[in-house]
Amino acid sequence: MLFFPFYDNRPMMFVRSLLFLFFLFFTSNASSLKQTYVIHTAKTNTKHIVASLLNSLQTDSNIQDDNDFALPEIHYIYENAMSGFSASLTDDQLEKVKNSQGFISAYPDELLSLHTTHSYEFLGLEFGIGVWNETSLSSDVIIGLVDTGISPEHVSFRDTHMLPVPSRWRGSCDEGTNFSSSSCNKKIIGAAAFYKGYESIVGKINETTDFRSARDAQGHGTHTASTAGGDIVRKASYFEQAKGRFASGMRFSSRIAAYKACWALGCANTDVLAAIDRAILDGVDVISLSLGGSSRPFYVDPIAIAAFGAMQKNIFVSCSAGNSGPAKSTVSNGAPWLMTVAASYTDRTFPAIVRIGNGKTLVGSSLYKGKDFKNLSLVFNTTAGGGIGAEFCIRNSLKRELVEGKIVICLRGAGGRTSKGEEVKQNGGVAMLLVSRVTEGEELLADPHVLPAVSIGFSDGMVLLKYIAGGGVAANAAVASIRFRGTEYGARAPMVAAFSSRGPSVAGPEIVKPDIAAPGMNILAGWSPLSSPSLLRSDPRRVQFNIISGTSMACPHISGIAALIKSVHGDWSPAMIKSALLTTASTTDNRNQPIRDVGAGPNSAATAFDFGAGHVDPTTAVDPGLVYDLSTVDYLNYLCSLNYTSERILLFSATNYTCPATPGDLNYPSFALNLANGAKLKTVRSYKRTVTNVGSPACEYMAHVEEPKGVEVRVEPKVLKFQKVRERLSYTVTFVAEASRSSSSSFGALVWISDKHKVRSPIAVTWE
């Protein structure tokens, strides 16, 4: 079947002509193998290439009959995020496209993955005060979320007391399975589903478990949407856990547009591109993307290319950094025009105390709220004759006669965390102790398990495993007691989550990535009534709010806070909003100590490759004093500095762009130096930056430098004197680095200080 987009529900003339050609000359009984591609074209040539493709196939003298012909499937035409289309083509058809005038590049479609309350209070947001004041909450800001859809009846999306939908909105509420136009309201003002790419890779969507519509059958999209812009809901909780005054999105008065491009097995690039393309056309102010793939050059990164198109339309784009930490250089979504968000802890915990038979006490985390367990038998099935994978409690690995009535130890990895609990429960285990390996560090995830379960960090886990492996314990005599303490507040925070992907970026090491950290650990937010909290089919429970973790949860926090800044400073560019967030981020925790990195050990300080500029501070971000602005030309010059060919730059610019002889430095609010280790001489590098005054009309800033180890930093001039608002002044930073060092990286900062503001830029130096 031939598919075409109808972005505004009005069929385009060229679509009609193509449909006519299709039905006149072709049938769908194709036997040739096809693959789905993202195809980039020059701005004025997309429709011509599609029409030429079909016309050439019509007149192809090699076609004997319809049964010998593999019909091309045109899935989407992209006109806003980029210029091009997506299609399922045979090799011969792809060659015809490549030989067409205006063709730029093509690459196969692939599946991306999702990067899967109290947050507002922890971030210092309070109703009626500061950034949550009446003025900032009354203006219309529209957040578009590309995710698994939305649950429109959820209490977080009520439109009580909301004004009519703004006239500038060009979107629609697309009907589909179990979703009608009346599913939208003055809160959810747009909804659409994109599945053609996904179905071309995976097969037709099973509508007994999901829907070809914007309705959320998984919960992830409802969770992210309510985090970014959900309404205030009083006494929200997960089975009475995490119950506070109320749950709220970061900008609870925002309008929401839901673009469903993610399904059971992931999100097809072609569908994500179509969703971003539609969001731009509809008129959103912020795009939130809690998804991504592996790091890759920007010219073959569909999210980077589409987000560039959004940036050109003055749309702020926020992305999750990925959940592949704490390994280095795992960060995704690293383009400089994207806000790349790492995940952090809040001060809310769900402690559970495990006391083992030798008298030692372990502290873990659990969402279970019920009776305690006392002196129950404890088993780790690799030492008790379990099946293959029993140490990880993978499916069908445990034996009932060995675990029934006991507390079972399971290692993380080799499967989903909640599915391990399912395996334990189905074999008669009464509780589970889920132990982190060295790669997960001291992470204490609170998951919605189907049985009483406690997450235990690596250090305590080693104590537990040593106890059960011997140490004077007689066979089958190991025991443990568990005490569940519910919800507690006031823990040391923030800390960078171990799972959060780390820098430096492989695709763009010239930029410090991730950019910033936001709450992403054990986050309470809205959930779909069609999915269990554990995402297990055997789990009959249904909840209005669920607690999950991931950079997926951190991203919508930044999306909502960006909407707050947009509501106060409507004329700011996306780069100015990003700069405000980065230069005001905090690097100290609620104990006034350096923010820690859970993935590096209990007392290790986080670095710029863990959390970028630091942890988001919404209140100070609204009044940053100075900002670093960037234009489309600045970003194109950055691509020139990467030695991109004119063809590759055309993917972003959509029109021919001539690189200057000297591209200059990207005016980014951070500094990344990549040096060759073992050089004979010191390395000297200078960078120019320009700041714009958005604070007091007449003000003076002095430079303060926190030098990275092994690097001398010189700033000229050392004082910036502004006479008016929006005045721009430049400075130069010169770095003199040692020829070689034993450590691979060191970190520092440049801070411009006035009597009212501190404008901080992180410095990251890497000896390769």
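Please read these numbers as outputs of a predicted model, since none were measured by experiment.

(A) Summary view of the pattern of salt bridges. In the structure shown here, the tally under the stated rule is 25 salt bridges. We note a salt bridge from glutamate 95 to lysine 98, for which the minimum N-O separation is 4.0 Å. Here glutamate 95 pairs with lysine 98, and both are found in helix α3 (residues 91-98), just 3 residues apart, close to one helical turn. Its relative accessible area of 41% is what places glutamate 95 among the partly exposed residues.

(B) The arrangement of the nonpolar core in detail. In this structure, Ile287, Trp337 and Phe652 are the most contacted members of the largest nonpolar core, which totals 64 residues. The biggest single contributor to this core is helix α9 (residues 302-312), with 8 residues. Here tryptophan 337 is in contact with Ala304, Ala307, Phe308, Met311, Val317, Lys578, Tyr635, Tyr638, Leu639 and Phe652, once residues within four sequence places are set aside.

(C) Layout of the side chain of serine 559. With respect to the helices and strands, the residue serine 559 is situated in helix α13 (residues 551-568). Of note is the side chain of serine 559, whose polar atom sits 2.7 Å from the side chain of serine 288.

(D) Broad picture of the packing of α9 against helix α17 (residues 632-641). Two elements in contact, α9 and α17, have axes separated by 10 Å at closest approach and are oriented at 150 degrees. Between α9 and α17, the interaxial angle falls into the category roughly antiparallel. On the side of α9, the interface is formed by Phe308, Met311 and Gln312, while α17 contributes Thr632, Tyr635 and Leu636. Residues belonging to the contact of α9 with α17 are distributed by class as follows: 4 nonpolar, 2 polar and no charged.

(E) Seen up close, the sheet that holds strand β35 (residues 728-737). The sheet built from 4 strands is open, its strands ordered β29-β31-β35-β33 with antiparallel pairing. At either margin of the open sheet sits one strand with a lone partner, and together these are β29 (626-627) and β33 (711-716). Note: β29 against strand β31 (residues 683-693), 2 bridges, orientation antiparallel. Counted as the bridge partner of leucine 626 is asparagine 693 from β31.

(F) Just the pairing of strand β17 (residues 351-356), in detail. By the criterion of burial, β17 is predominantly enclosed, with 5 of the 6 residues buried. Relative to strand β18 (residues 361-365), β17 runs antiparallel, the two being bridged by 5 bridges. Bridged to isoleucine 353 within β18 is valine 363. Remark: 4 residues form the turn of the hairpin made by β17 and β18, two consecutive strands paired antiparallel; glycine 359 in that turn has positive phi of roughly 90 degrees. Bridge count for β17 against strand β23 (residues 479-484) is 5 bridges, and the pairing is antiparallel. Across the sheet, residue isoleucine 356 finds its bridge partner in β23, namely alanine 480.

(G) A look at the packing of aromatic side chains. In this structure the tally under the stated criterion is 21 aromatic pairs. Ring centres of phenylalanine 671 and tyrosine 687 lie 6.5 Å apart, and the angle between their planes is 65 degrees; this geometry places the pair in the edge-to-face category. Linking phenylalanine 671 in strand β30 (residues 671-675) with tyrosine 687 in strand β31, this pair joins segments that are 16 residues apart in sequence. When sorted by exposure, phenylalanine 671 lands in the same class as tyrosine 687, which is buried. Site record: aromatic cluster; members linked through ring pairs are Phe298, Phe308, Trp337, Tyr635 and Phe652. Between arginine 648 and the ring centre of tyrosine 299, over which it is positioned, the NZ or CZ distance is 3.7 Å.

Each value, and the rule that gives it
- Residues numbered from 1 in each chain as written.
- Predicted model: local features only at pLDDT ≥ 70, side-chain atom pairs only at ≥ 80, totals over all residues.
- Heavy atoms only, no water.
- Salt bridge = Lys/Arg side-chain N within 4 Å of Asp/Glu carboxyl O.
- Helix = DSSP H or I, 4+ residues; strand = E, 2+ residues; numbered from the N terminus.
- Buried < 20%, exposed > 50% of the residue type's maximum accessible area, 1.4 Å probe, protein only.
- Core = buried A, V, L, I, M, F, W, Y, C linked by side-chain atoms within 4.5 Å.
- Contact = heavy atoms within 4.5 Å.
- Polar contact = N/O pair within 3.5 Å; in protein donor to acceptor, adjacent residues only side chain to side chain.
- Axes fitted to C-alpha atoms, helices over the stretch in contact; angles between N-to-C directions.
- Parallel < 35°, antiparallel > 145°, perpendicular 65-115°, else oblique.
- Nonpolar A, V, L, I, M, F, W, Y, C, P; charged D, E, K, R; others polar.
- Pairing = 2+ DSSP bridges.
- Phe/Tyr/Trp six-rings, centres within 6.5 Å; stacked < 30°, edge-to-face > 60°.
- Lys NZ or Arg CZ within 6 Å of the ring centre and 35° of its normal.

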